[in-house]
Amino acid sequence: GKRRFLPPLRFGLGVLLHLLRYGHRYDVVHTASFPYFSLLAAGLARVRSGYRIVSDWHEVWSPEYWKEYLGPLGLIGVLVQWLCARVPQKAYAFSQLHVTRLERLGLHPVTQHTGEYAPASQPLCHPDAAVPHTVVYAGRFIPEKRVDLLVEALALAHDRMPDLRAQLVGDGPTRGAILIAAPLIGYGFAWVGHF
């Protein structure tokens, strides 16, 4: 249920080495803020290369959540997140909550997007497309992801779309509870599996 430190550190080192060698070829480096070490690496290499940085902040954790998530080591998470907010960047966040948290960290301005994906001019599928319609979730089964709410929402949607199916893919500490709850909601999930 917890992330490991070594893969993000290794990825950040790879980004740093790449940008130190090839950063002069870039006008813009667009990155997600997390895992933080790639953003820090882009910020360090930027001093040498001068490219602009654009970053997507999917979430900004509070100090309280860092402490809950990592215990005493949460202070390191708070510091690393704060350092990332100090990197000169054009920042995007996807909710007012995270815009506000970034601004409290001293990052200005932050542009808020209303969603991760721009709506298509045409629907992605026609309402009369082949059935069954399937909702797919692929991710960790942890309390923060609120997969339990997805299950409840699917049950409500199933009342209006009886052919609706779901595939939940992943693993984590809440997976067992979801496996128990899904059949009790009132319709069968197509599959719950592991990555």
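Residues numbered from 1 in each chain as written. Predicted model: local features only at pLDDT ≥ 70, side-chain atom pairs only at ≥ 80, totals over all residues. Heavy atoms only, no water.

1. Focus: the side chain of Gln 81
Working step 1: Relative to the helices and strands, Gln 81 resides in helix α4 (residues 74-86).
Working step 2: Those residues in contact with Gln 81 that sit more than four places away from it in its chain are Tyr 36, Trp 57, Val 60, Trp 61, Trp 66 and Leu 105. (Helix = DSSP H or I, 4+ residues; strand = E, 2+ residues; numbered from the N terminus. Contact = heavy atoms within 4.5 Å.)

2. Some words on a nonpolar patch on the surface
Working step 1: A cluster of nonpolar side chains, contributed by Phe 5, Leu 6, Leu 9, Leu 73 and Ile 76, occupies part of the molecular surface with about 500 Å² of accessible area.
Working step 2: Structurally, the position occupied by Phe 5 is in the segment before α1 (6-22).
Working step 3: The class of Phe 5 is partly exposed, set by a relative accessible area of 47%. (Patch = residues over 30% accessible without salt bridge, like charges linked within 9 Å, V, L, I, M, F, W, Y side chains within 5 Å. Areas by Shrake-Rupley, 256 points an atom, 1.4 Å probe, with all protein chains shown as cover. Salt bridge = Lys/Arg side-chain N within 4 Å of Asp/Glu carboxyl O. Buried < 20%, exposed > 50% of the residue type's maximum accessible area, 1.4 Å probe, protein only.)

3. Observations regarding the environment of Lys 145
Working step 1: With respect to the secondary-structure elements, Lys 145 resides in the loop between β5 (134-138) and α6 (147-160).
Working step 2: Spatially, the C-alpha atom of Lys 145 lies 9.6 Å from that of Thr 174, the residues being 29 residues apart in sequence.
Working step 3: Not counting residues up to four positions away in its chain, the partners in contact with Lys 145 are Tyr 137 and Arg 140.

4. Some words on the packing of α1 against helix α2 (residues 36-49)
Working step 1: For the pair α1 and α2, the least separation of the axes is 8 Å and the interaxial angle reads 15°. Classified by the angle their axes make, α1 and α2 are roughly parallel. In this structure, α1 meets α2 at a crossing whose hand is right-handed. Residues Pro 8, Leu 9, Phe 11, Gly 12, Val 15, Leu 16, Leu 19 and Leu 20 of α1 pack against Phe 37, Ser 38, Ala 41, Ala 42, Leu 44, Ala 45, Arg 48 and Ser 49 of α2.
Working step 2: Considered class by class, the residues forming the contact of α1 with α2 number twelve nonpolar, three polar and one charged. (Axes fitted to C-alpha atoms, helices over the stretch in contact; angles between N-to-C directions. Parallel < 35°, antiparallel > 145°, perpendicular 65-115°, else oblique. Left-handed = near helix turned anticlockwise from the far one by under 90°. Nonpolar A, V, L, I, M, F, W, Y, C, P; charged D, E, K, R; others polar.)

5. Quick look at the packing of α2 against α4
Working step 1: Interhelical geometry of α2 versus α4 gives an angle of 40° and a closest axis separation of 9 Å. Taken together, the axis directions place α2 and α4 in an arrangement best described as oblique. Handedness of the α2/α4 crossing: left-handed. Contacts between α2 and α4 pair Tyr 36, Phe 37, Leu 39 and Leu 40 from the former with Val 80, Gln 81, Leu 83 and Cys 84 from the latter.
Working step 2: Residue composition of the contact of α2 with α4, by class: seven nonpolar, one polar and no charged.

6. Let's talk about the sheet that holds strand β2 (residues 52-57)
Working step 1: The strand order across the open sheet built from four strands is β1-β2-β3-β4, with neighbouring strands paired in parallel fashion. Across the chains shown, the open sheet's two edge strands, defined by having one partner strand only, are β1 (28-32) and β4 (110-112). Strand-to-strand, the axes of this sheet are offset by a mean angle of 20°, without reference to chain direction.
Working step 2: The pairing of β1 with β2 spans five bridges and is parallel. Residue pairing across strands places Thr 31 opposite Ser 55, the latter belonging to β2.
Working step 3: Where α2 meets the sheet, it contacts β1 and β2, and its direction lies at approximately 165° from that of β2. (Pairing = 2+ DSSP bridges.)

7. Let's talk about the packing of aromatic side chains
Each pair of aromatic rings is reported with the distance of its centres and the angle of its planes.
Working step 1: As enumerated under the stated definition, the model contains nine aromatic pairs in all.
Working step 2: Taking 5.0 Å as the distance between ring centres and 85° as the angle between the ring planes, the aromatic pair formed by Phe 34 and Tyr 36 counts as edge-to-face.
Working step 3: The ring of Tyr 92 has Lys 90 lying over it, and the distance from NZ or CZ to the ring centre is 5.4 Å. (Phe/Tyr/Trp six-rings, centres within 6.5 Å; stacked < 30°, edge-to-face > 60°. Lys NZ or Arg CZ within 6 Å of the ring centre and 35° of its normal.)

8. Some details on the layout of surface pockets
Working step 1: The calculated volume of the largest pocket comes to roughly 260 Å³.
Working step 2: For the largest pocket, the lining is made up of 17 residues, of which Phe 5, Phe 34, Tyr 36, Phe 37 and Trp 66 are closest to its centre.
Working step 3: Counting only elements with at least two residues in the lining of the largest pocket, the list comes to α1, α2, α3 (63-70) and α4.
Working step 4: Looking at side-chain class alone, the lining of the largest pocket contains 14 nonpolar, one polar and two charged residues.
Working step 5: Looking at the second largest pocket, its volume works out to about 180 Å³.
Working step 6: Lining the second largest pocket are 13 residues, and of these Glu 59, Trp 61, Tyr 65, Ile 142 and Glu 144 lie nearest its centre.
Working step 7: The residue inventory of the lining of the second largest pocket, partitioned by class, reads five nonpolar, two polar and six charged. (1 Å grid on protein atoms, 1.4 Å probe; cavity = no way out; pocket = protein on both sides within 12 Å on 5 of 7 lines; lining within 4 Å. Points joined across faces, edges and corners; volume = space filled by probe spheres on them.)

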